Amino acid sequence: MTEGRTQIILWRHGQTTFNVENRFQGHLDAPLNDVGLAQAEVAAVGLSKLRIDAIYASPLQRAYITAQALAGRVDLPIATDDRLKEIDVGEWEGLYAEDIYRANPEFVLALGEGRDARRSPTGETGTEVAARMAEALREIAAAHLGQTVVVASHGLAIRMGTAGVLGWDYPTSTTLASMSNCGWTMLAARPDSYWKLVTWNQRAEQLLH
């Protein structure tokens, strides 16, 4: 790695029952299911083959427990940061996606047109998530110059954080495919704040073979 450049690995948490049931989680503290726990262990094997210098995580247990699978293998502590949480969906927490879409046609229309929209009257927008995630990622990168850092977070938060540090608007962020459970994205950052997308939604199998 070039001197002074930081590699940030944004790692999505393992599967939860809410993922399977297609329910909005947001800040709801849903645990990993058995599949998610297994996914975290497999991904941790792959990530441990890299030189990991630090681990950060969203404090929500689905991300934190995912991070623990790696921390135990590389003997590193986990630092938590509230800014790494998933998008706040407010009063939509725990609801089935199909019910939300049926009751909120304007929200569905906005998503279909690639426009940002608030996730319930009491939740966040994607752009707001991009701002807080980008702020956290820039601080992490500055604190770990020339190092490789794993950040365990959430699907939409990772998408918007990536967009935030790359300077993309919301419509551009929607061109990225969805993150798989326990997939990760690699970003490279230089001290002059130039960021580069290295990989998107990489899986453990790509490092284990």
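In what follows, the structure referred to is the one given above.
Peer 1: Account for the overall build of the protein chain, with residues named and values stated.
Peer 2: Helices and strands together make up the secondary structure of the protein chain, namely nine helices and six strands. Its C-alpha atoms give the protein chain a radius of gyration of 16 Å, near enough to 17 Å, the size a compact globule of 209 residues would have. The principal-axis extents of the C-alpha atoms in the protein chain amount to approximately 50 × 40 × 30 Å. In the protein chain, which comprises 209 residues, the proportion classed as buried is 51%.

Peer 1: Residues and numbers for unusual backbone geometry, please.
Peer 2: With phi around 55 degrees, asparagine 22 is a residue other than glycine that occupies positive phi space. As for its placement among the helices and strands, asparagine 22 is situated in the loop between helix 1 (17-21) and helix 2 (34-47). Located in the positive-phi region is asparagine 201, a residue other than glycine, with phi close to 55 degrees. Here asparagine 201 shows up in strand 6 (residues 195-202). The class of asparagine 201 is buried, set by a relative accessible area of 18%.

Peer 1: Explain a nonpolar patch on the surface to me, and be specific about the residues and the numbers.
Peer 2: Side chains of Tyr101, Val108 and Leu111 sit close together on the surface and give an oily, nonpolar patch of about 220 Å² of accessible area. Assignment of secondary structure puts valine 108 in helix 5 (residues 105-112).

Peer 1: Explain the pattern of salt bridges to me, and be specific about the residues and the numbers.
Peer 2: Two side chains of opposite charge can pair, provided their charged atoms sit close to one another. What the rule picks out here adds up to ten salt bridges. Where arginine 118 meets glutamate 128, a salt bridge forms, and the shortest distance between an N and an O atom there is 3.0 Å. Pair noted here: arginine 118 is in the loop between helix 5 and helix 6 (126-143) and glutamate 128 is in helix 6, with a separation of ten residues, a long-range link.

Peer 1: Tell me about the pairing of strand 2 (residues 54-57), and name the residues and values.
Peer 2: Burial along strand 2 is two-sided: the face carrying Ala54 and Tyr56 and the face carrying Ile55 and Ala57 are both buried. In this structure, strand 2 lies alongside strand 3 (residues 78-80), joined through three bridges in parallel fashion. By the bridge assignment for strand 3, alanine 57 is matched with threonine 80. With respect to chirality, the unit in which strand 2 leads through helix 3 (residues 61-74) into the neighbouring parallel strand 3 is right-handed.

About the cut-offs
- Residues numbered from 1 in each chain as written.
- Predicted model: local features only at pLDDT ≥ 70, side-chain atom pairs only at ≥ 80, totals over all residues.
- Heavy atoms only, no water.
- Helix = DSSP H or I, 4+ residues; strand = E, 2+ residues; numbered from the N terminus.
- Rg over C-alpha atoms; globule rule 2.2 N^0.38 Å.
- Buried < 20%, exposed > 50% of the residue type's maximum accessible area, 1.4 Å probe, protein only.
- Patch = residues over 30% accessible without salt bridge, like charges linked within 9 Å, V, L, I, M, F, W, Y side chains within 5 Å.
- Areas by Shrake-Rupley, 256 points an atom, 1.4 Å probe, with all protein chains shown as cover.
- Salt bridge = Lys/Arg side-chain N within 4 Å of Asp/Glu carboxyl O.
- Pairing = 2+ DSSP bridges.
- Right-handed = clockwise from strand over helix to strand, strands pointing away.

As far as function goes, none of this settles anything; it's purely spatial.
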